[in-house]
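# Summary of structural features
One-letter residues, chain by chain:
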Amino acid sequence: MKRLFNELNEWFRSLLRWIPGSSGSRLRYYYYRNLLAGCGNGIGIATGCHIRNCRNIVLGNNVGLSINTQLYAGGNGNEKITIGNNVNLNSNVMINADCGGCIEIGNNCIIGPNVVFRASNHIFSNREIPVREQGHEPGAIIIRDDVWIGANVVVLPNVTIGRGAVVAAGAVVTKDVDEYIIVAGTPAKPIGTRN
């Protein structure tokens, strides 16, 4: 019976994901607000969004999840995603804290389209065991307040992006970014400051 209930729930969530317009966004908000660990007001959830393991996710007030945003916080139970107030995640953003990861996004942040945050990495040290069977090394990604992350950026585990920083489109962030610094490139390096 439990399997049937889970299957029906998955069908319902799949259908709910694709209801268009403001009514669809409102229905998704009402559905998820009681499942999430914390959920503020003024949440917009566009079509195609996928949210997994809601009990490990907190959304502040005025959070916008644009088309096809993905929030993943599943695995061994220690995962966590926290998104502050007045944050917009543009289309196709993936916030992935699976496999023991933790991701925190501060207030007043803008995340451009196609951005990927991945808080855990595969372990690959033993050549005798396939990579897929070696597990993951959990990590954390912390985005402070007032950060702008441009399109197609990848942020790797164990990175903190300081308050007011700007990450240029296409950058791969492998190390911490100081406050009010502008970074670009692969790997991301400072190219200026916000004066």
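Please refer to the structure higher up on the page.
Computed from a predicted structure; not experimentally measured.

With that settled, the discussion passes to the pattern of salt bridges. One pass over the structure, following the stated rule, counts 4 salt bridges. Here glutamate 10 makes a salt bridge to arginine 13, at a shortest N to O gap of 3.3 Å. Of this pair, glutamate 10 and arginine 13 both sit in helix α1 (residues 2-17), 3 residues apart, which is roughly one turn of that helix. Look at glutamate 10 and you get partly exposed, because its relative accessible area is 36%. Taking relative accessible area as the criterion, arginine 13 reaches 18% and is therefore assigned buried. A salt bridge links arginine 194 to aspartate 146; the nearest nitrogen and oxygen atoms lie 3.3 Å apart. Of the two residues, arginine 194 is situated in the segment after β22 (189-193) and aspartate 146 in the loop between β15 (140-143) and β16 (148-149); the sequence distance between them amounts to 48 residues.

This part is about the packing of aromatic side chains. Scanning the entire structure with this criterion turns up 3 aromatic pairs. Taken together, a centroid distance of 5.5 Å and an interplanar angle of 50° make the contact between tyrosine 29 and tyrosine 30 tilted. Exposure remark for tyrosine 29: the relative accessible area of 12% places this residue in the buried category. Under the relative-accessibility criterion, tyrosine 30 is labelled partly exposed at 41%. By way of ring pairs, the aromatic residues Phe12, Tyr31 and Tyr32 are connected into one cluster. Looking at arginine 52, its charged tip hangs above the ring of tyrosine 72, at a distance of 4.0 Å from the centre.

Moving on, we come to unusual backbone geometry. Between threonine 186 and the following residue, proline 187, the backbone shows a cis peptide bond with an omega angle of -5°. Of note, the phi angle at asparagine 108 is positive, near 60°, even though the residue is not glycine. Relative to the helices and strands, asparagine 108 resides in the loop between β10 (102-105) and β11 (110-111). With relative accessibility at 44%, the residue asparagine 108 sits in the partly exposed group. Positive phi is not limited to glycine here, since asparagine 158 has a value of about 60°. Relative to the helices and strands, asparagine 158 resides in the loop between β17 (154-155) and β18 (159-161).

Another point: the sheet that holds strand β4 (residues 57-59). Taken together, the 6 strands give an open sheet; going across it, the order is β1-β4-β7-β10-β15-β18, and neighbouring strands pair in parallel fashion. The strands lining the two open edges of the sheet, one partner per strand, are β1 (38-39) and β18.

Cut-off values and rules
- Residues numbered from 1 in each chain as written.
- Predicted model: local features only at pLDDT ≥ 70, side-chain atom pairs only at ≥ 80, totals over all residues.
- Heavy atoms only, no water.
- Salt bridge = Lys/Arg side-chain N within 4 Å of Asp/Glu carboxyl O.
- Helix = DSSP H or I, 4+ residues; strand = E, 2+ residues; numbered from the N terminus.
- Buried < 20%, exposed > 50% of the residue type's maximum accessible area, 1.4 Å probe, protein only.
- Phe/Tyr/Trp six-rings, centres within 6.5 Å; stacked < 30°, edge-to-face > 60°.
- Lys NZ or Arg CZ within 6 Å of the ring centre and 35° of its normal.
- Pairing = 2+ DSSP bridges.

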